[in-house]
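Per-entry structural report
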Amino acid sequence: MVAPNGARRGRGDHPQLPVTPQQTAETAAACFAAGAHALHLHVRDGDGRHSLDAGRYREALDAVRESAPEMAVQITTESAGIYDVAAQFACLEALRPAAASVSVREMARDPDLAARAYALCAEAGTQVQHILYGPDCIARLRVWYQDGIVPAAMRHAIFVLGKYTPPVLARPEGLAVFQDAAADLRLSWAACAFGRNEQACLLAAVAAGGDARIGFENNIETPDGGLLADNAASVTAFVQAAKAQGHTLKECRS
């Protein structure tokens, strides 16, 4: 999966970071050709800020379907410090998307509405990918499975290594904390990683049986600290490195 823009970076951070629907669609097509089977989609408002507006999502989804019709698309409900759970729920309700990433930590701000959000996704057939930032998120997810807040069948997750703010460089050894904490949950998991160690972290994830999410949302640098040309170059470099280690490219599960 490729995450080409995220909620915070803009063209000032990298001239090839997509912001508009057309830029995102062009990036999706290039990344699909490079080997990414799925797109983690963020949209922006007229000022380039993170948005959960359903209309903007529909515009971007239409553009991506036209440019990369075979590419799976996952929307995000990330709050980015802007949106409350009610807004996240409204986004899911309006779109009823095929797939969505949902932060356990953010949903915990309103457990009653969280339960309704997960039930809505189950009813709509939305594949939920739980965003997990550490053992505390995993512990809460475990309780929510036990309490029935999260349906037992929702077992897709993404482990987030490192941080954007304050900056914390991801390291491959950080993956073990997530694996140990989630060992009993039978998750189908992927990993993403902030900073120039992204590729090393994702190779470790693949070697451990997970999937990989790569892209400018998390990292714009090469392993030696240079600037990546674009998202497709990042995907290409990772695919080549994974194949060199004996891994076979497959459709993304998460």
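Overview of the structure. (Residues numbered from 1 in each chain as written. Predicted model: local features only at pLDDT ≥ 70, side-chain atom pairs only at ≥ 80, totals over all residues. Heavy atoms only, no water.)

**Focus: the layout of surface pockets**
Heads up, the rule is: Put simply, the grid is 1 Å and covers the protein atoms alone, a cavity is a trapped set of points that fit a 1.4 Å probe, a pocket is an open set with protein on both sides within 12 Å along at least five of seven lines, and lining residues have an atom within 4 Å of a point. Grid points are joined across faces, edges and corners, and a volume is the space filled by probe spheres set on the points. The numbering of helices and of strands both runs from the N terminus, where a helix is a DSSP run of H or I of at least 4 residues and a strand a run of E of at least 2.
Quantified by volume, the largest pocket comes out at close to 630 Å³. Forming the boundary of the largest pocket are 36 residues, of which Tyr133, Val160, Lys163, Tyr164 and Phe194 lie nearest the centre. At the level of secondary structure, the elements contributing two or more residues to the lining of the largest pocket comprise α4 (104-107) and β7 (156-161). If one sorts the elements of the lining of the largest pocket by residue count, β7 sits on top with three residues.

**A look at the pattern of salt bridges**
Put simply, the rule reads: Basic side-chain nitrogens of Lys or Arg form a salt bridge, by our definition, when they fall within 4 Å of a carboxyl oxygen of Asp or Glu.
Under the defined criterion, the tally for this structure stands at nine salt bridges. The salt bridge partner of aspartate 47 is arginine 49, with a shortest N-O separation of 3.2 Å. Connected via shared salt-bridge partners are Asp45, Asp47 and Arg49.

**Considering unusual backbone geometry**
Defined as follows: When accessible area is computed with a 1.4 Å probe and restricted to protein chains, residues below 20% of their type maximum are described as buried, those above 50% as exposed, and intermediate ones as partly exposed.
Across the junction of threonine 165 and proline 166, the peptide omega takes the value -10°, indicating a cis bond. Mapped onto the elements of the fold, proline 166 is located in the loop between β7 and α7 (175-181). Positive phi is not limited to glycine here, since alanine 80 has a value of about 55°. Owing to a relative accessible area of 18%, alanine 80 belongs among the buried residues under this scheme. The backbone phi angle of arginine 96 is positive, close to 45°, even though this residue is not glycine. Mapped onto the secondary structure, arginine 96 falls in the loop between α3 (85-95) and β5 (99-103). A residue is classified by how much of its surface remains accessible, and arginine 96, at 39% relative accessible area, is partly exposed.

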